[in-house]
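Residue strings, one per chain:
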Amino acid sequence: MRSLPRGSRRALPAAIAAVAVAILAAPVGAHVDHPDAIDLFNGVSGPYALRVVATPYVGALEVTAVVASGGEADADGVGAVRVTMSARAADGSESVGPARAMANDLSRPDDYWAVLTPRQAGAWVVIVEADSALGATRLELPLTLRERGGGFPWAAVIAVMVVAGPMALSLGLARRRRRARALRKEKR
């Protein structure tokens, strides 16, 4: 740290905290194998073979659609698909979306996911739309949203540690440097 200018040394803990918070705050798609995931649909709709999975939580409704060709015409995959997802309360009191679903990752290019943020528990309808050169389809799937369980809030603990940890380290190092300077002055 001695090679860094004085202003940079002070900004380093804040920069580390900002990067860590950005990483932790990045959305994570509903994993098809997530323990709380619910299969909403698994079959053919229009030109696609679809599997739609959701983790049904208020505030973080994560939906994944696995899209494949429903026929022999495109055996190598579907190609460029535009997938949008939205949801509405069954009673019509609230709706979220539409959100353009993103491809999950390079190893699963046919997985598309989005995170919707409904504010109330109860009966909902999830709407998944897929469109490509093969054609378009729309599914309306019933789902019951629930509040998250009362488990230990690990994400909050980690976020606090990521933000407070570098700050505490920086303050501790600054205190140590002040003591070292004071000792050097006494020796003179």
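Conventions used here
Residues numbered from 1 in each chain as written. Predicted model: local features only at pLDDT ≥ 70, side-chain atom pairs only at ≥ 80, totals over all residues. Heavy atoms only, no water. Helix = DSSP H or I, 4+ residues; strand = E, 2+ residues; numbered from the N terminus. Buried < 20%, exposed > 50% of the residue type's maximum accessible area, 1.4 Å probe, protein only. Areas by Shrake-Rupley, 256 points an atom, 1.4 Å probe, with all protein chains shown as cover. Salt bridge = Lys/Arg side-chain N within 4 Å of Asp/Glu carboxyl O.

Draft legend 1. Region of the structure containing the overall build of the chain. Secondary structure summary: the chain contains two helices and nine strands in total. Along its sequence from the N terminus, the chain presents helices and strands in the succession α-β-β-β-β-β-β-β-β-β-α. In the chain, which comprises 188 residues, the proportion classed as buried is 31%. A total accessible area of about 11,800 Å² is found for the chain, and carbon and sulfur atoms account for 58% of it.

Draft legend 2. Looking closely at the pattern of salt bridges. Following the criterion strictly, the structure yields four salt bridges and no others. One salt bridge connects Arg88 with Glu140, and the closest N-O pair in it is separated by 3.1 Å. Of the two residues, Arg88 is situated in strand β4 (residues 82-89) and Glu140 in strand β9 (residues 135-145); the sequence distance between them amounts to 52 residues. On the basis of relative accessible area, Arg88 is assigned to the partly exposed category, the value being 30%. Across the pair Glu129 and Arg138 runs a salt bridge whose closest N-O atoms are separated by 3.2 Å. Among the residues examined, Glu129 registers a relative accessible area of 30% and is labelled partly exposed.

None of this, on its own, says anything about what the molecule does.
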